[in-house]
Amino acid sequence: TSSTYATDVNNLLDKTKGHLQFTTCEEQEGKRFLKSVGLKDHDKFVCLIVRDSAYHENLYGKKMFDYHSYRNCDVNNFVKACNFLTSKGLYIFRMGKYVNSRFNIDNDKVIDYASNGMRNDFLDIYLGSKCLFWISTNTGIDGLSQIFRIPALFVNQVPLATTRTTHSNSILILKHLYDKSKKKKINIKEIIKKKLEFSLRTEEFEKKNIVTLENTQDEICDAAEELYEMICEKKDFLKKNENLQKEFWKLFPYNKNLHGEIKTIISPSFLKNNLYLLE
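Not measured: the values here are computed from a predicted model. As a convention, each chain's residues are numbered from 1 in the sequence order in which they are written. Local features in this predicted model are restricted to residues whose pLDDT is 70 or higher, and side-chain atom pairs enter the listing and the counts only when it is 80 or higher, whereas totals over whole chains, interfaces and linings include all residues. Excluded from the side-chain calculations are hydrogens and water; all other atoms, namely the structure's heavy atoms, are used.

## Here's the deal with the pairing of strand E4 (residues 133-136)
Put simply, the test is: For every residue, the accessible area obtained with a 1.4 Å probe (protein chains only) is divided by the maximum for its type, and the residue is called buried under 20%, exposed over 50%, and partly exposed between those limits. We count a stretch as a helix when DSSP gives it H or I for four or more residues in a row; a strand needs E for two or more, and each element gets its number in order from the N terminus. Each pair of strands is called paired provided DSSP finds at least two bridges between the two strands.
Residues Phe-133 and Ile-135 point to one face of E4 and Trp-134 and Ser-136 to the other, with burial holding for every one of them. With four bridges joining them, strand E1 (residues 45-49) and E4 adopt parallel strand pairing. Of the residues in E4, the one forming a bridge with Val-46 is Phe-133. Strand direction decides the pairing type here: E4 and strand E5 (residues 152-157), joined by three bridges, are parallel. Its bridge partner lying in E5, Ile-135 is registered against Leu-153.

Structural data, given as structure tokens:
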């Protein structure tokens, strides 16, 4: 780990197996919980974590982490993706210790575990280790996907250069950076030219008249469908999208102190629909 980023430059997480396990009593406790909310032994589920300001505000006060507001996202942009996944028989647990609002979705298979009074520290770890995959906006608890070697969909990734690249069987999509002066989204070359690829503070974007735009419901849903098909139907999206993948990673601001061998896939649908990034 560097002073700022969690890194895996030697791809050790990909080359080794997890070494944490639950006791018999803990396994029983976890299974009892799943049964209590309607899941049967064979049912699979996904963990969803969407970063907002609530966690840091509760721990440190309202203004302490305002400079990270560029990372915040709206959980209600995930409705379409969740409805798709539940149509495939999966359950969804919306994770989070503190959240700003309930998940506004009318779907019995989506459990708003973050706001319904069920959550506790043990269940956070249990659910995060047993899920089929994670959907995350890149925030603390999704580290469980690395610890337990679980695939993930990383959405709304920003800044560009710090996005996770060594996470096998995983897909990512980026937040869009919109230049208010030019009235357009900026591409990778422009992001680097403006020195925003490592920007970690909201004011750094504001000073350059840039706003971050969240991924749309369609972008998130398309990427979730791809990850589902990659994991459950064994589809090879890398070969299908190889040329665009190569173009993206050729432009990517790779840093040997942050990245090892690239394992994560850029969502094929996201690249196809946002070719401006590669200009």
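## So, the sheet that holds strand E8 (residues 184-185)
The strand order across the open sheet built from three strands is E8-E7-E9, with neighbouring strands paired in antiparallel fashion. The outermost strands of the open sheet, each flanked by one partner alone, are E8 and strand E9 (210-213).

## Overview of the packing of helix H4 (residues 79-87) against helix H9 (residues 217-232)
As a reminder of what qualifies: As a rule, the C-alpha atoms of each element are fitted with a line to give its axis, helices using only the stretch in contact, and angles between N-to-C directions run from 0 to 180 degrees. Orientation categories follow fixed angle ranges, with anything under 35 degrees roughly parallel, anything over 145 roughly antiparallel, 65 to 115 roughly perpendicular, and all other angles oblique. A crossing counts as left-handed when the near helix is turned anticlockwise from the far one by less than a right angle, and as right-handed when that turn is clockwise. Here a residue-residue contact requires only that any non-hydrogen atoms of the pair lie within 4.5 Å. When residues are sorted by character, Ala, Val, Leu, Ile, Met, Phe, Trp, Tyr, Cys and Pro go into the nonpolar class, Asp, Glu, Lys and Arg into the charged class, and all the rest, Gly among them, into the polar class.
Their axes nearest at 7 Å, the elements H4 and H9 cross at an angle of 30 degrees. Looking at the two axes, H4 sits roughly parallel to H9. Here H4 and H9 pass one another in a crossing that is right-handed. Of the residues in H9, those in contact with Val-79, Lys-80, Ala-81, Phe-84 and Leu-85 of H4 are Gln-217, Asp-218, Ile-220, Cys-221, Ala-224, Glu-225 and Tyr-228. Residue composition of the contact of H4 with H9, grouped by class: eight nonpolar, one polar and three charged.

## Side note on the packing of aromatic side chains
To keep things clear, this is the line we draw: Stacked, tilted and edge-to-face pairs are distinguished by plane angle, under 30 degrees for stacked and over 60 for edge-to-face with tilted covering the rest, among Phe, Tyr and Trp rings (Trp via its six-membered ring) whose centres lie within 6.5 Å.
Summed over the entire model, instances satisfying the criterion amount to 12 aromatic pairs. Aromatic side chains Phe-84 and Tyr-228 sit 6.0 Å apart centroid to centroid with 90 degrees between the ring planes, which places their arrangement in the edge-to-face category. Of this pair, Phe-84 sits in helix H4 while Tyr-228 is found in helix H9, placing the two residues 144 residues apart along the sequence. Judged by relative accessible area, which is 11%, Tyr-228 ranks as buried. By the ring-pair criterion, three or more aromatic residues cluster together here, those being Phe-22, Phe-122, Tyr-126 and Phe-148.

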